[in-house]
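As a plain string of letters, each chain reads:
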Amino acid sequence: ERLGTLEDELETQQAAEEEHSKALEAATEKAQQARDRTLALDKDRAALADSVMQLEPPMIEATEQIKTLQKKLNQDDGLLSKKKEQNKLHDTKLRNLETEIAESKETLQTLKDDYETAKRDATPNQPTLTAQQEEEYEQVKEAAAAASVAPRRAL
């Protein structure tokens, strides 16, 4: 009887030991799989870290270029604002000059008309010269004055 009990205990312990061995094998297998996954992930991490290191210099350069271009853009915006303001002032000056030119033309025409009227009133019976005839008369008068300079010096 005792032998039977010991045999039962031995079988129970062997079964428990076998069960524990299977559990140990399963845990060992899971641990190996986890180590394999960790190793694969570490290889991927190393590859990604290498890629990041390769991308950092161009990324830094691109960041610097962006900053430089942003500064230039801000400067250009300032210049554009100044040029727009100058353009407004220029347009205002042009409008003022155009108005002044129109007024001067009106004044000139009025003065010409007044001159013609005064000429006709001053000599009502004599013929009057046109503007072109007056210019020709002035040229002839100047040429005659220039031609008479040498004979006057001789006197």
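Bear in mind that the values here come from a model prediction, so they are computed numbers and not experimental data. (Residues numbered from 1 in each chain as written. Predicted model: local features only at pLDDT ≥ 70, side-chain atom pairs only at ≥ 80, totals over all residues. Heavy atoms only, no water.)

Description of the overall build of the chain
Stated precisely, the cut-off is as follows: Each helix corresponds to a stretch of at least 4 residues labelled H or I by DSSP, and each strand to a stretch of at least 2 residues labelled E; elements are numbered beginning at the N terminus. Think of it in three bands: residues with accessible area under 20% of the maximum for their type are buried, residues over 50% are exposed, and the middle band is partly exposed, with areas taken using a 1.4 Å probe on protein chains only. When charges are counted, neither His nor the chain ends are considered; positive counts come from Lys and Arg and negative counts from Asp and Glu. One atom stands in for each charge, and that atom is NZ of Lys, CZ of Arg, CG of Asp or CD of Glu.
Summing up its helical and strand segments, the chain has three helices and zero strands in all. Order of helices (α) and strands (β) in the chain, N terminus to C terminus: α-α-α. With respect to the principal axes defined by its C-alpha atoms, the chain has extents near 175 × 40 × 20 Å. Within the span of the chain, comprising 155 residues, buried residues form 1% of the whole. Charged side chains in the chain number 23 positive and 34 negative. The centres of these two groups are separated by 13 Å.

A few points about the confidence of the model for the chain
To keep things clear, this is the line we draw: The quantity known as pLDDT measures the predictor's confidence residue by residue, on a range of 0 to 100.
Residue-level pLDDT values for the chain average 87, and 93% of them are 70 or greater. Across the chain, element-level confidence peaks in helix α1 (residues 2–122) with a mean pLDDT of 90 and bottoms out in helix α3 (residues 149–154) with 69.

Things to note about the pattern of salt bridges
Let me state the cut-off plainly: Any carboxyl oxygen of Asp or Glu that lies within 4 Å of a side-chain nitrogen of Lys or Arg is treated as forming a salt bridge with it.
Applying the stated criterion across every chain yields a total of four salt bridges. Across the pair K22 and E18 runs a salt bridge, and its minimum N-O distance is 3.8 Å. In this pair, K22 and E18 both sit in helix α1, four residues apart, roughly one turn of the helix. By relative accessible area, which is 55% here, K22 ends up exposed. A salt bridge links K67 to E64; the shortest N-O distance between them is 4.0 Å. Of this pair, K67 and E64 both sit in helix α1, three residues apart, which is roughly one turn of the helix.

A look at a nonpolar patch on the surface
For the record, the criterion: Each patch is built from residues that are more than 30% exposed by relative accessible area and take part in no salt bridge. Like charges join if they lie within 9 Å; nonpolar side chains (Val, Leu, Ile, Met, Phe, Trp, Tyr) join within 5 Å. Values of accessible area rely on a 1.4 Å probe in the Shrake-Rupley scheme; residue burial ignores everything except the protein chains shown.
Side chains of L94, L97 and I101 sit close together on the surface and give an oily, nonpolar patch of about 260 Å² of accessible area. Its location among the elements puts L97 in helix α1. Overall, L97 belongs to the partly exposed group, its relative accessible area being 46%.

Concerning a negative patch on the surface
Together, E7, D8, E9 and E11 line one region of the surface with negative charge. On the accessibility criterion, E7 (43% relative accessible area) is partly exposed.

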